[in-house]
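# Residue-level structure breakdown
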There are 4 protein chains.
Amino acid sequence: MDTAFFSDLLASIAERGRSVLKLSPWPRDAENRAASLADMCRALLSGRGEASGVALAGEILGRYRTLGDDDKAAFFRALAEDFGPDRDRVENAFARWSATGGEAAAADVHYASEPRRQELFRRLNRAPGATAALVAMRADLIEAMRADRGLSVLDRDFLHLFGSWFNRGFLVLRRIDWSSPAAILEKIIRYEAVHAIGGWDDLRRRIDSVDRRCYAFFHPALVDEPLIFVEVALTLTPPAAIAPLLAERRAHVAPDKARAATFYSISNCQQGLSGVSFGNFLIKQVVEEIRRELPRIETFVTLSPVPGLRAWVDACDDPAAEALAAAVRDAALDEDWPTKPDEEAAMRKALEPLAAYYFLRARRNDGRVVDPVARFHLGNGARLERINPMGDLSDKGLAESFGVMVNYQYDLGEIERNHEAFANQGVVAASSAVKKAAAGVKARATAAALPAPGD
Amino acid sequence: MDTAFFSDLLASIAERGRSVLKLSPWPRDAENRAASLADMCRALLSGRGEASGVALAGEILGRYRTLGDDDKAAFFRALAEDFGPDRDRVENAFARWSATGGEAAAADVHYASEPRRQELFRRLNRAPGATAALVAMRADLIEAMRADRGLSVLDRDFLHLFGSWFNRGFLVLRRIDWSSPAAILEKIIRYEAVHAIGGWDDLRRRIDSVDRRCYAFFHPALVDEPLIFVEVALTLTPPAAIAPLLAERRAHVAPDKARAATFYSISNCQQGLSGVSFGNFLIKQVVEEIRRELPRIETFVTLSPVPGLRAWVDACDDPAAEALAAAVRDAALDEDWPTKPDEEAAMRKALEPLAAYYFLRARRNDGRVVDPVARFHLGNGARLERINPMGDLSDKGLAESFGVMVNYQYDLGEIERNHEAFANQGVVAASSAVKKAAAGVKARATAAALPAPGD
Amino acid sequence: MDTAFFSDLLASIAERGRSVLKLSPWPRDAENRAASLADMCRALLSGRGEASGVALAGEILGRYRTLGDDDKAAFFRALAEDFGPDRDRVENAFARWSATGGEAAAADVHYASEPRRQELFRRLNRAPGATAALVAMRADLIEAMRADRGLSVLDRDFLHLFGSWFNRGFLVLRRIDWSSPAAILEKIIRYEAVHAIGGWDDLRRRIDSVDRRCYAFFHPALVDEPLIFVEVALTLTPPAAIAPLLAERRAHVAPDKARAATFYSISNCQQGLSGVSFGNFLIKQVVEEIRRELPRIETFVTLSPVPGLRAWVDACDDPAAEALAAAVRDAALDEDWPTKPDEEAAMRKALEPLAAYYFLRARRNDGRVVDPVARFHLGNGARLERINPMGDLSDKGLAESFGVMVNYQYDLGEIERNHEAFANQGVVAASSAVKKAAAGVKARATAAALPAPGD
Amino acid sequence: MDTAFFSDLLASIAERGRSVLKLSPWPRDAENRAASLADMCRALLSGRGEASGVALAGEILGRYRTLGDDDKAAFFRALAEDFGPDRDRVENAFARWSATGGEAAAADVHYASEPRRQELFRRLNRAPGATAALVAMRADLIEAMRADRGLSVLDRDFLHLFGSWFNRGFLVLRRIDWSSPAAILEKIIRYEAVHAIGGWDDLRRRIDSVDRRCYAFFHPALVDEPLIFVEVALTLTPPAAIAPLLAERRAHVAPDKARAATFYSISNCQQGLSGVSFGNFLIKQVVEEIRRELPRIETFVTLSPVPGLRAWVDACDDPAAEALAAAVRDAALDEDWPTKPDEEAAMRKALEPLAAYYFLRARRNDGRVVDPVARFHLGNGARLERINPMGDLSDKGLAESFGVMVNYQYDLGEIERNHEAFANQGVVAASSAVKKAAAGVKARATAAALPAPGD
């Protein structure tokens, strides 16, 4: 309610301000609009925080919203090309620094070389609702960059600024439940990126059951917009498959009986904030939050997809793994394999070591772990605890990983060690079961077919 | 309550984090503490947002708080000298840019030359309560800079970062009244810088009367800390003196009868945020707020001190004004002049033109208006409306301006024009009465004595 | 969040209390449960607010919830028969009063004759969540009364107590919009009694458009439970039909352009509070609320169903109206009449006077206006402003009123007069158009068929 | 904020309503005002919740406030005499019940005999702010009853209604701390009845220290008005004296180190709610609240005054105790006894058994325990744990109990048993030390002087 109050208020200020602006009328021909908007940006930069600054900022953001895609791209090009640093100032500052050294001179180089875009963004941000508008603008920019990589110079400035504005210290964790505003819940439905939410009833099952939790980070300037959220299931033991967690009808676990908390979905909400990392902080804070509420929960795991597995299997030319990979590929040609007991059992036996190998041994050309989800959790210090063939038999699950899911475990006592070993030496922390499964690949390397079920 | 909740939570995270840090013990000898802290800062910068980052940041800020003044100064020197940009990176970036030009290369110069302090501050800010701690650290720095101007390079980074973090778009206006938390009210009492508040009863008169308002800007990360606040009196006409506004017993004006809103005190609260300007935005938003609540109020003025008047009179060697200045100085030698009707009347007649001249004609060596309060309001687009001799007969008022106060008027229709004229040509917007009074100075220039009361 | 906090807290108190209760175990055979519960109620009454009172109350309410319908009925009979006043006390008090007269003695009769049920309900109410549980209990009672009218003595006590507890002075008006908690919105969907809400998208159209409002009364002890709510459309002129208001796609009216506010649905939410009237207060407060927000809105009307019209027409034997009624009945035999232009036009011409007559002249045997919705609005002081044939062509609308809807207008200047005239002399306030239409019935009394469209 | 919003809104409704009332002007002569007001009350009762009801109720309460004490008394007499039950209805109902018996007839007697005052109060309560106004009206009534006991019939109705409206189930517990609104804190200062709070600094010591807590019950209709509050000190062991708890400078106890929570002050705030008991519920809920927050606290005690001790000693003619009482009286003639080591030691030795005897053996004529504070805590199920001579050496403490204070202990395991034994057999639960001290009195009965310090 305060929110509405303030946004009304700010809107009225901006409106009044607008009336004192002597704005050039909005060009009728689309071509000139980007140029006109760039001119307004120059005017905003030339002022010094004066009367009309807030109104002018609001007007620029408002007009921007009405641009078509091409005009937006043209506007971005103008920002990228004409709002960089002042060349003379940079050269002079560098010359001074070359001559004198010294910290003050070095700082001069930095401040002299600040692209004027950054001050522009800071001034735009003074208008009501501007932070959301700027985040949306960067989402547009990311689209535009597909066609014009030269815009990345502009994107770098956005990313730098958002990294500072959306600093962890400014984020607020809130639990999302059935007493949350509909305006927020609707966004949870929309933004869920891992296991789609099929409407309000499905949402309610995920946030309004005694054994479910949902938490999100918010920024004070984006009141109704979650930045990232995580869905958690409280269970007796870590689950091996997603379907039972999402089932319409299922037995509920009394929270004080639960011993495991499973993070089964983490979704970033704002395309315009991509590159600003929240996930690591979110998981750790939610672990603390749940420990506080339910001290008996000792195990914190994920139930995670393996989005890169199938592509890797398809392209696998690793001598140790290729035979097994080929066998899996072949078996998967029969789309009904999950429903045929023998074939299913054989796939289980093949997928576990193959996936273990994929995580522990396979590497990209740059030497990094192949799976993006693995890079995230391992980078946070988690341990690859278990491989679950048949974890996700949805079309998507089969298509990206033959149905394999995994559990990453967050163990506070070893997070630091795991993180360092992964970051510095690329060591993947894994349970002995996973290590053993990976080790088995080599042994099987010569087998040309799936293992028999009873193998 | 949320606040307490989150700070508890965050504290517990930090605590847990600390237990996994392998921190070197805190040196017993003070001399090594600054160095030890700088080492911890290096460790924080070397990590990549990992598990212990938040805990390490909290530990640095906690230890910093225990340092004595000398150790703080030593720590600041370390930050100023050892956390600048990487010299090689800057040179390489500059060389690339010199060779290629181009916006991306220019941006590289900027990002390569960022003092590592800035990333350090951003990482420190992830800890619970860090924003307040960093603001307090800069307040310490400002103290330390008195003895060591070389620290200004560090201050520049603080100021840049705070300018971005405390952007207008992130501030929230809140009315302060008798239903506000005591924790905030106590700070209003403490931070009032213009007309001291003599305790809770005095405070109550200023915020809990039907014809008084108080508004403050807050930042979401500094929950109980006002950044700047303004006190407003609703009156029938703009007041000419401060004492009646602050009197213990006085008639109250029904808000719907009031026609003027007088800003009689504006106080910045955070020494650590000096240089980040809020006042301009605050005044304009409060004007809107009051217009919304009380549409019949049409006149928005200040009742402001003139802190630079007496010093200027004392040193006055302006040929046009010096005779009048001398006469005023002489008359003021009798400290009881305000209680002697004839002398008081003579002073009134002399002070009005002299003050008008001070505002309209007198200039500092750099060509700027002498009075700092005038620079603020005129820079915001206000008009010097009226000079009030005998406006503030407190010791402080007599000491700094012979008791003169002035009204600056905020007229939405002319703010923009006034601001531009002042910013670009140094033109002081003033009412015709003030202009006329200033013009009178020259005419009097030859008079060697105060005008007679009936003059 | 506070709510959850307090309910947790209270739950834990109750739980602890329960552990100190030495409760008899819950009988296995259903038959004895009502008796066992009644015994617990006696125990609660015998205590004096002591340690276990809150726990015992909570236990009674908890066990009650597990009863089947028959057991609930048995429990109600026990309350009705065994928890009345103490016969001896009443007789003694009456004797004293007969002997002495006097106000104190009269009061004694009152307090001596209070059914012990009332004190029982008050003590039950001390448990956490008890108010909601008691409201639910009365809903059960209302069901049970269908089979056993003797329970009405118990219902009278509930009604008396709820009338006191849900006094207007304790209700809070809140706007319902898209930022309201889902837990409340879901109830709006469920409780809408006039024009069913078809799910979350339909709800959103009704509460999240610029030209729609929804307000509800809440009681502080029933946090997530609206008591009654009203849906309002802001329009240029009072609407004559419901379908355009509820259409999925429709033009929106800017609030500052709207000149009429139409109350198109009022729903009571709590069966257990039937007989406690909120609607009158709700409408009047919402009128004020909207006037405050949108001073340009001058017309406040309803768009209301006429639920009694068809039944009255079907049974009509009023000499003046029966011919017209018969013609309407006949015409309605063709269910497609609304789609046939000639028949539709004829029905319009017939229904308007017939409905006007129904409101203005027709009366029940007890002399009251036939239509229950009319009794409500006319009793509140509204005026019957306009009759809208073809107002609601849904199955329900055709079935209960041949599609007729009406507008009642709330005119602050005449509410008092209308109310008094209606309450005291049964005078129906109506616009001259409606009066004229009613007067026309007599003239048509001899016509045996629908008027021709062009008539 | 909401509060202000609603009260504004309600005020505007009432105002509008007033304009449609045709109120008789307020009589100029005071004598007729009470009668005029009573007439308005009759008008309010005669209406049926119509348009002007809320406005009329507001007007009555507003005019009431302007009455002088005598007029209020006259108004109360009118309410007591002319707003009782309808005599005929009562007699008819009684006759029907005599004839038929039956629960419905019995209920008729009850409802027929309801004094019309009660419906009047319920209707008055519909106006904005009415609940507070009615509570204030009863405070006036209690004053007026000193002179006119006949008004008690009116008071009984107030008490009955308030008992229902302020039912435990409608109260909300809130912690009071330094983030509470000043409007509430100021009332804590004003209402503290046990150990006066000497201003804001003293208040802050009591609510803003890590080892202090304060909780209050609120009613939703009295937003800024605490009903009752308790101050709690967290300590290592139960304290024996009040001064160290209230000292300006004292060591603080870390909450997780504390093992005892001491309730050292409980104050009722609303004179108009006297007779409605909250204290029992408050203590028990605060015990739960603290156990939740600080599970290590196991001991819950009070540090309580003994307000009846000195008066009992002064009048003591109990053969067993009178010699000791006389000796104490004599010793207390020297007002400096507390500062003289020998006399102080002798008093300690005498006061402990004498006070123990006072609690355990002494009884009023009606058989009840003499001390009102003891009756409260023992009635709640607490145990008299320890007698602390020299517990309160303030003037008040010495004057009412020779400085004796006591600790009552709340032990959840025995509260129920203690309560029952006290309520039913008058048994005072006490520690063995207190029992032993009381037993010692008889042995000393013959001694004519204080025991020697080393005795």
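Residues numbered from 1 in each chain as written. Chains lettered and ligands numbered in written order. Predicted model: local features only at pLDDT ≥ 70, side-chain atom pairs only at ≥ 80, totals over all residues. Heavy atoms only, no water.

## A word on the environment of Asp314 of chain C
- Its place among the elements puts Asp314 of chain C in helix H14 (residues 309–314).
- A C-alpha to C-alpha distance of 7.4 Å links Asp314 of chain C and Ala325 of chain C, two positions 11 residues apart in sequence. (Helix = DSSP H or I, 4+ residues; strand = E, 2+ residues; numbered from the N terminus.)

## What about the environment of Ala254 of chain D?
- In this structure, Ala254 of chain D sits in the loop between helix H12 (243–246) and strand E4 (260–268).
- Measuring from C-alpha to C-alpha, the distance between Ala254 of chain D and Tyr111 of chain D comes to 57 Å, with 143 residues separating the pair along the chain.

## Some remarks on the interface of chain C and chain A
- Every contact between the two is made by 10 residues of chain C and, on the other side, 10 residues of chain A.
- For the pairing of chain C and chain A, the buried interface totals around 900 Å² over both sides, and the portion due to carbon and sulfur atoms is 60%.
- When the area that chain C buries against chain A is broken down by residue, the three leading residues are Trp178, Ala182 and Trp200 of chain C, summing to 49%.
- The residue Glu186 of chain A makes a salt bridge to Arg204 of chain C at a minimum N-O spacing of 2.2 Å.
- On inspection of chain C and its partner chain A, the count reaches 10 residue pairs in polar contact (both at pLDDT 80 or more).
- Elements supplying a minimum of two residues to the side of chain C that touches chain A: helix H10 (182–191) and helix H11 (200–207) of chain C.
- A total of 4 residues in the side of chain C that touches chain A trace back to one element, the largest contributor, which is H10 of chain C.
- Looking at the side of chain C that touches chain A, its residues break down into 6 nonpolar, 2 polar and 2 charged. (Contact = heavy atoms within 4.5 Å. Buried area = accessible area lost by both parts, 1.4 Å probe. Salt bridge = Lys/Arg side-chain N within 4 Å of Asp/Glu carboxyl O. Polar contact = N/O pair within 3.5 Å; in protein donor to acceptor, adjacent residues only side chain to side chain. Nonpolar A, V, L, I, M, F, W, Y, C, P; charged D, E, K, R; others polar.)

## Observations regarding the UniProt feature "domain: Malonyl-CoA decarboxylase N-terminal" (unreviewed entry) in chain A
- Here the UniProt-annotated "domain: Malonyl-CoA decarboxylase N-terminal" (unreviewed entry) positions come out as residues 83–166 of chain A.
- End C-alpha atoms of residues 83–166 of chain A are separated by 23 Å, and the span's content is 77% helix alongside 0% strand. (UniProt positions renumbered as here; feature names shortened; annotations may be inferred.)

## Looking at the relation of the copies chain A and chain B
- For the pair chain A and chain B, the superposition axis carries a translation of 0.0 Å, the fit reaches an RMSD of 0.0 Å, and the rotation angle comes to 180 degrees. The operation mapping one copy onto its partner corresponds to a two-fold rotation axis. Distance from the rotation axis, computed per C-alpha, reaches its smallest value in chain A at His110 of chain A: 2.6 Å.
- Comparing interface residues between copies, 100% of those in chain A also lie at the interface in chain B; the contact surface is shared. (Least-squares fit on C-alpha atoms with pLDDT ≥ 70 in both.)

## Quick look at the environment of Ser179 of chain A
- You can see Ser179 of chain A is positioned in the loop between strand E1 (172–175) and helix H10 (182–191).
- Separated by 28 residues in the primary sequence, Ser179 of chain A and Ile207 of chain A place their C-alpha atoms 9.8 Å from one another.

## With respect to the interface of chain A and chain B
- At the interface, 74 residues of chain A touch 74 residues of chain B.
- When chain A packs against chain B, close to 6,600 Å² is buried across both sides, 59% of that on carbon and sulfur atoms.
- One can count 4 salt bridges joining chain A with chain B.
- Across the salt bridge formed by Arg156 of chain A and Asp108 of chain B, the nearest N and O atoms sit 2.5 Å from each other.
- In this assembly, chain A and chain B are joined by 17 residue pairs in polar contact (both at pLDDT 80 or more).
- Top element by residues in the side of chain A that touches chain B is helix H1 (residues 2–20) of chain A. It accounts for 9 residues.
- Class assignment for the residues of the side of chain A that touches chain B results in 31 nonpolar, 19 polar and 24 charged.

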